[in-house]
Structures are given as structure tokens and as C-alpha cells.
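# Structural description and commentary
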Amino acid sequence: MDVELIDQYQRGAFFFASPERTLLASDPRHVLSEKDSAALSAQVNDALTEYGGIAVGALPYDDTGETHVLLPTSVAWSGPSQQGKQQVSLSGYRVTPEPEPEEYQNSVTKALALLKDGAVGKVVLARTLRIDLDEPVDMRRMLASLAAMNTHGYTIATPLPTPGVTLVSASPELLIRRTGMSFVSRPLAGSQPRGKDPVEDRSNAQRLLASKKDQDEHRWVVEAEVEALRPFCKRMDVPRAPSVVSTPSMWHLCTKITGELIDRDVTALTLAAALHPTPAVCGSPTRAARDAIAQIESFDRGFYSGAVGWVDSNGDGEWAVAIRSADVTDQSLRLYAGAGIVAGSVPELELAETSAKFQTLLRGMGLDLTL
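Residues numbered from 1 in each chain as written. Predicted model: local features only at pLDDT ≥ 70, side-chain atom pairs only at ≥ 80, totals over all residues. Heavy atoms only, no water.

Moving on, we get to the UniProt feature "domain: Chorismate-utilising enzyme C-terminal" (unreviewed entry) in the protein chain. According to UniProt, the "domain: Chorismate-utilising enzyme C-terminal" (unreviewed entry) feature falls on residues 101–357. Taken end to end, residues 101–357 has its terminal C-alpha atoms 14 Å apart, with 35% of it in helix and 34% in strand. (UniProt positions renumbered as here; feature names shortened; annotations may be inferred. Helix = DSSP H or I, 4+ residues; strand = E, 2+ residues; numbered from the N terminus.)

This part covers the packing of helix α3 (residues 101–117) against helix α9 (residues 347–364). Interaxial distance between α3 and α9 falls to 9 Å at its minimum, and their mutual angle equals 125°. On the basis of their axis angle, the class for α3 and α9 is oblique. In terms of crossing hand, the pair formed by α3 and α9 is right-handed. Contacts between α3 and α9 pair Pro-101, Tyr-104, Gln-105, Val-108, Thr-109 and Leu-112 from the former with Pro-347, Glu-348, Glu-350, Leu-351 and Thr-354 from the latter. In the contact of α3 with α9, the residues fall into six nonpolar, three polar and two charged. (Axes fitted to C-alpha atoms, helices over the stretch in contact; angles between N-to-C directions. Parallel < 35°, antiparallel > 145°, perpendicular 65-115°, else oblique. Left-handed = near helix turned anticlockwise from the far one by under 90°. Contact = heavy atoms within 4.5 Å. Nonpolar A, V, L, I, M, F, W, Y, C, P; charged D, E, K, R; others polar.)

Right, let's get into the nonpolar core. Counting residues in hydrophobic clusters, the biggest one holds 36 residues, and the most contacted among them are Val-44, Ile-176, Phe-183, Leu-229, Leu-271, Val-311 and Trp-319. If one sorts the elements of this core by residue count, helix α7 (residues 268–275) sits on top with five residues. Among the nonpolar cores identified, the runner-up in size contains 30 residues, and Leu-5, Leu-129, Val-328 and Phe-358 belong to it. (Core = buried A, V, L, I, M, F, W, Y, C linked by side-chain atoms within 4.5 Å. Buried < 20%, exposed > 50% of the residue type's maximum accessible area, 1.4 Å probe, protein only.)

It is worth spelling out the sheet that holds strand β11 (residues 188–193) at this point. Reading across from one edge, β11-β14-β13 is the order of the three strands in this open sheet, with antiparallel pairing throughout. Edge strands, defined here as strands with exactly one partner in the open sheet, are β11 and β13 (243–246). Pairwise comparison of adjacent strand axes, ignoring direction, gives a mean angle of 30° for this sheet. With four bridges connecting them, β11 and strand β14 (residues 250–254) associate as antiparallel partners. Counted as the bridge partner of Gln-192 is Trp-251 from β14. Against the sheet, helix α5 (residues 198–210) touches β11, β13 and β14, its axis set at about 30° to β14. Sheet strands in contact with α9 are β11 and β14, and its direction is about 105° off that of β14. (Pairing = 2+ DSSP bridges.)

And the structure:
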């Protein structure tokens, strides 16, 4: 990510920084909105065949929502970020949680009752923080700060259908990357906060690797992804056990799934739509978990825990999971964080996990909040 790309960013543009390269796209000639993923893939393919270039945008969390995919006329690429951390300073702000922490713990208790009844095996419950600001958000500086912190992940800003709203994400999770006939996916599930010192940090990572609860949670995600990808695959390689990866605020269990496609017409967008939503952001089984989330959560997720990325006219592309994210307007932010609830989950610990996940964006915005 060169300084020039950050300097050129303006609200309404699409920004996508991966560990390998950075994309800035703007001035769309078309906006494609579609609820059916197969119809969306066909529309995008037809548009790219006619106009060339790339398509960029976002898939919402819920399949009843409309996608927001753009065909930009201005596209710039550069290498990965070489910048140091940017200082972001907010002069005044007010924080409102939704739901309140105690209410979130009650929601976890409700989810555990559903699990006990056997209605669902896992439910991912989220909560939000609304931050109202006294001054406008400096988006360029915030993106630069997040990218400097998130060099191994995906720093994203994508316009949403609601005018004036941008989804900003510092996601650690690759949903899918397709290059020619090959693909890679890196699902994350199972988490522990980073420690306050090196000894505690190493202990937390080892505790995560040894946790049956987290290993079970991770296995469900991997099995679901393998099942979704299998119809498209000539070959697929799946490690027997996950590894641990870190972000500035969290440890995660991670599995790198690789493979080779049967059909060159299967695009990165087709694969992203087939995978999304994974049990890492929704639960298992998917439909029952979605119903439980709709019953328990008090807000509309919108594009939080959706998928954001790009696809080109060859079908290559890269899509990340929109976690560690916020809806950003000129003078407000709504941050989202979730935790996977399975048998054995403890409400107080799940609340603490969401608090730790909030810290990624909070630190990127120069906020030091105890939640």
C-alpha cells in the first residue's frame, strides 16, 4: 500500500489491502444488487465480459439482503503496506453499547438453552458499540493506522447501499482466493485474547490449542467449508489439525485449505457465495443458527460478517470475511464483534472475547477503552 493510494482515497471508493497487494477502485459505471447468489455471479460475469476490468463490493451477512457490487472505471494496484502506524486522535466521543454487557450475557444464556435442546450446535452472537464523534472521521488516517497494525490480514473500506455509510474492516480471515485453477481458504474459529506479557501470551496460545471446546468449534467450520467446496474441486488438501495465528488482540485457530478446481468458469465470487456464511460467523447448522440469531440479537447485522472482495474477468479474485468491522458515517461508528457459542461456553468469557475483538478497531482509531 503506497502513500499515494491512501492519499487518493475518498469516501465512496473501494479499498482492499491484503498481505500481498493493495487495491483502490472508484467511479463505478454499474452497481449490481441481487439477492440470489447464482444470479449475481451471472450478472457480474456478463458485465465483466462486456466491459472487462474487475468487480468489487460486498455480500451481506443474511441471504435475504441485497448484495452491493460495483464495476469501477478507476482501478489502481500497489504492493503491501510499508507505512508505520499512523496516529489517530479523536477529540470527543460518546460510547453506547447495544446490547448492554449484562444483556449480552443473557443472550448467551438463551443460546446455551437452544444448544441444550438440540435445536442448534453452534450460534455466533454479536454485539455492537456505537461511537458518536464531535468531529468528522479522518478515513485516510484510520485506514493507514489499521493497515499498519493488520499487515497479515485485510484492511477494507467499501461503500454500502445506504448513502454516506462505509464498511471498514481489519479482518484477519481470508474467505477465498482463486488464482487460475487453484484456490486457498483460511477459516478461523476458536479464539483467545492476547496476553498482557509474553508469558501470558504464550500460555493463552497453548490453552487455545488444547481446548476441546475451541477445537470442536473449529472442526465444524472446516467441515462445512470442505462440504461447500467439494462440488467445485478436482483436488482438495485439508490439514488434519489447525495451527494458531495471531492478530494484535487475539489468537485464533486456523486451517489452510487449498485445492484445484474442476471448471475454469467457477469464479472467486462463485466460491465466496457458496462458502458464505460459514459457521465461524453464523453457526451450525446454518439455517437453524440464522433463525436463533434473528430471535436473539436486537440489531440488523447488515454487511457485518458478510464477505468483501473483488473478482476479475478471468474469474480470479480474493474475498475476506467482514469481521473486526464497523459501519462508519461522517461523525459516527458502529463497531461489531461476535463470539461462537457452543456447549461449554461461559457467558462472562464470551463477553470478554467480544471486548477483546473490539480492541482491533478501537486501537486503530486511537481509542483506549476498557469494555
